[in-house]
Amino acid sequence: MAFDPLQERGIPLDEQLRNWRELDVPPIDPDHVDPYTRCRIITMNGIETEAILFSHQLARHCTDLELKRQLARVRYIEAQQQKVVNWLLPGVSSVLETTIAYEQVAVDLTAWVARMEPDPYLTQAYQFGVLEDFDHLYRYANLYEMIEHRKAEKIVDGVTEVMPGRPTYLHHRDPVDNVREPYDRHRTEPLSKLHALTVMAAEQQTMNYYMNVGPLAMEPIARRLYQEIGMVEEEHVTHYESLVDPGESWWEMLLNHEYNECYLYHSFMETESDPKVKAVWELHLNMEIEHLRLACELFKRFDGRDPDQVLAPELPPPVTFEPNKAYLRELLATQIDCTTLGTGYVQEAHERFSRMQEAVMGGEKPASEQVIDDNRAVSGREYRLETEGPHPAGMQLGR
Ligand SMILES: [Fe+2]
Ligand SMILES: [Fe+2]
Ligand SMILES: [Fe+2]
Ligand SMILES: [Fe+2]
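Note that the structure is a prediction, hence the values are computed from the model and not measured.

A. Just the coordination of the iron ion (ligand 2), in detail. The protein atoms donating to the iron ion (ligand 2) are Glu 103 (OE), Glu 103 (OE), Asp 133 (OD), His 136 (ND1) and Glu 233 (OE), with metal-donor distances spanning 1.9 to 2.4 Å. When the donors of the iron ion (ligand 2) are listed by position in the chain, the intervening gaps give E-x29-D-x2-H-x96-E. A spacing of 3.3 Å is found between the iron ion (ligand 2) and the iron ion (ligand 3), which share Asp 133 as a donor. One end of the pair, Asp 133, is in helix H5 (residues 120–148); the other, Glu 233, is in helix H8 (residues 220–241), and 100 residues separate them in sequence. Overall, Asp 133 belongs to the buried group, its relative accessible area being 0%. Look at Glu 233 and you get buried, because its relative accessible area is 0%.

Laid out in structure tokens, this is it:
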């Protein structure tokens, strides 16, 4: 059944406020949860965080007091939604366990988006990025085995493989080469706009998370690894945000944000296996339908256009968390040695890339390589979870 959020009736804004008891949701049970339920929670936390930060930026550019008040009212609800969503995660999970789940999100969300993306230039941007987060998952899984003496398969649950991607030390590019070309807002498919916003928000959340939790680690290797991968997440935010057409007006951007929230809550409501979590997705969808209606009014008033001119006629097929093993293996076999040059991609280490590498390494092995050596020394071998056979790019991936 086609679902058009513009034709639905949501919950009036006045009725969206929840009290403390309603916000205090019971967390998921980490030992029995579907790993993709956890992935949906982490994704929606990133989406709500972006909704809040975007609204703050918009308010700071807004001179009309009444308008600022309306933004503040909706934003307060977004902030409540973020609390409910992120508080579904249980306190018993360690920071490193949550980190591994964050990288699993980056892998399976980005791989899905790459598979569904209609524009080949954008597809390439997702294919490029996914091989890096795939490698982060492997580095953190080795750290996890070494310092918490547990295995990442308990978290990723065998639906996502853990093995080297494009080696993390090769992710450190000159910032100039992280900027992509944007899509053209007049020509692009509505789905492409939603994809770019979704992956941008997820990467931004990962960037913020490592910024804040990295120094909480005590082991020197863990502190260094969070710093190194944290810098790559900054590159990823630059990479994905530059895909969004910067010519969109603030009101068009607001409209796209609210529409995307509807799209994702609807997607996750359709695909959720945990009934309690599904009820949250459904409730929040009904709130977002009203946020979207309000954003449509602002768009009509200040942009002078009809929302139908920029939005999809109905929601695209649901964003689905599912294994992407064969797809990722194909990318590993063909794109592992890519880097960026300007807004394009090349397969050799060009001069600007090499200069950046030399500058950041300072003549030493980075933490992302050291952690594998260290775990080999402690556990007798490195950690991998290769459920579909040997690595498609061979074993010669170390330095
Ligand atoms: Fe929201
Ligand atoms: Fe990552
Ligand atoms: Fe990333
Ligand atoms: Fe919203």
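Read on for the rest.
B. Region of the structure containing the coordination of the iron ion (ligand 1). Within the protein, the iron ion (ligand 1) binds to Glu 48 (OE), Glu 48 (OE), Glu 78 (OE), Gln 81 (OE1), Glu 261 (OE) and Glu 288 (OE); these donor distances fall in the range 1.9 to 2.3 Å. Taken together, the six donor atoms surrounding the iron ion (ligand 1) define angles of 58 to 172° at the centre, an arrangement classified as irregular. Sequence spacing of the donors to the iron ion (ligand 1): E-x29-E-x2-Q-x179-E-x26-E. A separation of 3.3 Å is found between the iron ion (ligand 1) and the iron ion (ligand 4), both of which receive a donor from Glu 78. In this pair, Glu 48 sits in helix H2 (residues 35–60) while Glu 288 sits in helix H10 (residues 275–303), placing the two residues 240 residues apart along the sequence. A single burial state applies to Glu 48 and to Glu 288, both of which are buried.

Calculation rules
- Per chain, residues are indexed from 1 in the order of the written sequence.
- A letter from A marks each chain and a number from 1 marks each ligand, given out in the order of writing.
- Confidence filtering applies because this is a predicted model: local features only for residues at pLDDT of at least 70, side-chain atom pairs given and counted only at 80 or more, and all residues used for totals across whole chains, interfaces and linings.
- To get the side-chain values, take all heavy atoms of the structure and skip hydrogens and water.
- Note: metal donors comprise N, O and S atoms at 2.8 Å or less from the metal (3.2 Å for Na, K and Ca); water molecules are not included, so apparent gaps in a site are possible.
- The numbering of helices and of strands both runs from the N terminus, where a helix is a DSSP run of H or I of at least 4 residues and a strand a run of E of at least 2.
- Exposure classes here rest on a 1.4 Å probe applied to the protein chains alone. A residue is buried below 20% of its type maximum, exposed above 50%, and partly exposed in between.
- Each label reflects the angles at the metal, where four donors whose angles all fall between 85 and 135 degrees are tetrahedral, four or six donors whose opposite pairs open beyond 155 degrees and whose other angles stay between 65 and 115 are square planar or octahedral respectively, and the rest are irregular.

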